[in-house]
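# Residue-level structure breakdown
These are the residues of each chain, in order.
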Amino acid sequence: MKLTKKRHSCVRMEKDGLTLVIDPGVFSEQDAAVGADVILVTHEHPDHFDPGRLRAGLEANPAAELWTLASVADQLSAAFPGRVHTVGHGDTFTAAGFDVQVHGELHAVIHPDLPRITNVGYLVDAGVFHPGDALTVPGYPVDTLLLPLMAPWSKISEVIDYVREVKPRRTVDVHDALLNDLARPLYDTHLANLSGADHLRLAPGDGTAT
């Protein structure tokens, strides 16, 4: 399977001529969901969920389908009947040949004064895990952890400890659009030295095998 990094938290996975896309949000490329056979969305925040990008993907491929939690599904199900599926923690499904497990329930705490919204993570083909905006430990072996590198709700020590708890073979940075070039080497060094996993930083458009 080939994994391609898109901007911010969006990734594309391709195998056997089919494509799965996760979290095409407002920081992602305009056509981030175009060409997808399967689209997964972790939660409703606009940097992960952009209705326009999702509509473009679903309209470009009439066979494409979306799996997501209720807060997102409710906004699109009427426009694409039968193609939008609601999932939650513990669900499993197969879509376009990709096997998906759903893990997690809540977004990470941004501030105690702000209510927490729902958030799910996706373990794809029992190897690649995208947690969305949470430090969810799936409880299954993970080969490649798509690591939310920088966010208003996290600090580097928590990110490192999260990697240590999940114990993936490697991490690939996501959730990084707000991180500038001055800070990146610091994050790279700490993750390489302290996380216990191989660390891979991909530029948008770059890919790797999984």
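What comes next concerns the included structure. (Residues numbered from 1 in each chain as written. Predicted model: local features only at pLDDT ≥ 70, side-chain atom pairs only at ≥ 80, totals over all residues. Heavy atoms only, no water.)

### What to know about the pairing of strand E8 (residues 98-103)
- With 5 of its 6 residues buried, E8 lies for the most part within the structure.
- Here strand E7 (residues 92-95) hands over to E8 after 2 residues, with Ala96 in that stretch at a positive phi of 50 degrees.
- Direction of pairing for E8 relative to strand E9 (residues 121-124): antiparallel, over a ladder of 4 bridges. Each residue of the ladder has a partner; that of Val100, found in E9, is Val124. (Buried < 20%, exposed > 50% of the residue type's maximum accessible area, 1.4 Å probe, protein only. Helix = DSSP H or I, 4+ residues; strand = E, 2+ residues; numbered from the N terminus. Pairing = 2+ DSSP bridges.)

### Some details on the environment of Asp176
- The topology assignment puts Asp176 in the loop between strand E12 (170-174) and helix H4 (184-194).
- Taking the C-alpha atoms as reference points, Asp176 and Ser9, separated by 167 residues in sequence, lie 7.2 Å from one another.
- Here Arg184 takes part through its side chain, which lies 3.1 Å from a polar atom of the side chain of Asp176. (Polar contact = N/O pair within 3.5 Å; in protein donor to acceptor, adjacent residues only side chain to side chain.)

### A word on the sheet that holds strand E14 (residues 207-209)
- The strand order E6-E5-E4-E3-E2-E1-E14 describes an open sheet built from 7 strands, whose pairing is mixed. The open sheet has two free edges, formed respectively by strand E6 (84-86) and E14, since each of these has just one partner strand. Here the average twist between neighbouring strands, direction ignored, is 20 degrees.
- Across 5 bridges, strand E2 (residues 11-15) lies against strand E3 (residues 18-22) in antiparallel orientation. Along E3, the bridge assignment pairs Arg12 with Val21. (Axes fitted to C-alpha atoms, helices over the stretch in contact; angles between N-to-C directions.)

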